[in-house]
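Coordinates in review
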Amino acid sequence: MTEIGDGLAVLRSEIAAFYAGFGHPDLLRRACGNAALLVPLIGHDEVYTSRVRGIDWICAFTSVEEYARYMVARGVLEDQMYSYQQLLGFRLIAWAAERPEPTGVSIDCVGAQPVAFPPELSDEAVEGAVA
């Protein structure tokens, strides 16, 4: 079993393999589950989600630099403090699956190699998301 510290290295390797055209979805998902990711917090330490076309997304990041890139893209203020928590990917995926609204996990969404794990959707949810 990999150590938590190795989880990010394995995830980055699997992401690179996926972008190179020879990645395996199951290995990528497993690597995500074993990686400690940074997750933005809002309010009273609530996990931040972003809603896109009727689907909530947990935005997670592989580094502080990736998190900062996302915050800059959102137009945040330089002198303001932004909170985050480090969580294992399998906890994020499980939490997303338990939410009443369809929720996916997006990793490094404004980075050079973003990865998304979309939720399973019913036919009605797919139709609503496309509209």
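Each value, and the rule that gives it
Residues numbered from 1 in each chain as written. Predicted model: local features only at pLDDT ≥ 70, side-chain atom pairs only at ≥ 80, totals over all residues. Heavy atoms only, no water. Helix = DSSP H or I, 4+ residues; strand = E, 2+ residues; numbered from the N terminus. Buried < 20%, exposed > 50% of the residue type's maximum accessible area, 1.4 Å probe, protein only. Contact = heavy atoms within 4.5 Å. Phe/Tyr/Trp six-rings, centres within 6.5 Å; stacked < 30°, edge-to-face > 60°. Salt bridge = Lys/Arg side-chain N within 4 Å of Asp/Glu carboxyl O. Pairing = 2+ DSSP bridges.

1. Remarks on the side chain of S106
With respect to the secondary-structure elements, S106 resides in strand β6 (residues 103–107). Judged by relative accessible area, S106 falls into the buried class, the value being 11%. Residues in contact with S106, not counting those within four places in the same chain, are W57, I58, C59, A60, V115 and A116.

2. Some thoughts on the packing of aromatic side chains
Scanning the entire structure with this criterion turns up 4 aromatic pairs. Between F61 and Y67, the ring centres sit 5.5 Å apart and the planes meet at 35°, which makes this aromatic pair tilted. Taken together, a centroid distance of 5.1 Å and an interplanar angle of 40° make the contact between F61 and Y70 tilted. Per residue, the accessibility class of F61 equals that of Y70, and both read buried. An aromatic cluster is built from Y48, F61, Y67, Y70 and Y84, whose rings are joined through pairwise contacts.

3. Focus: the pattern of salt bridges
Think of it this way: side chains of opposite charge can pair up when their charged atoms draw near. Within this structure, the stated rule accounts for 4 salt bridges. The partner of R99 in a salt bridge is D56, with the nearest N and O atoms 3.3 Å apart. Taken together, the residues R99 in the loop between α4 (89–98) and β6 and D56 in strand β4 (residues 55–60) connect sequence positions 43 residues apart. Under the relative-accessibility criterion, R99 is labelled partly exposed at 24%.

4. Things to note about the sheet that holds strand β2 (residues 46–47)
Across the sheet, which stays open at both edges, the 3 strands sit in the order β2-β1-β5 with antiparallel pairing between neighbours. This sheet does not close on itself; its edge strands, each paired only once, are β2 and β5 (84–88). Pairing of strand β1 (residues 36–42) with β2, which is carried by 2 bridges, proceeds in the antiparallel orientation. What sits directly across from L41, in β2, is V47.

5. Structural notes on unusual backbone geometry
Leave glycine aside and you will find that most residues have negative phi; peptide bonds, for their part, are mostly trans. Even without glycine at this site, R53 takes up a positive phi of about 50°. Counting through the fold element by element, R53 comes out in the loop between β3 (49–52) and β4. Under the relative-accessibility criterion, R53 is labelled exposed at 62%. Its identity is not glycine, yet D108 carries a phi of approximately 50°, on the positive side. Looking at the secondary structure, you find D108 in the loop between β6 and β7 (115–117). For D108, a relative accessible area of 6% gives the class buried.

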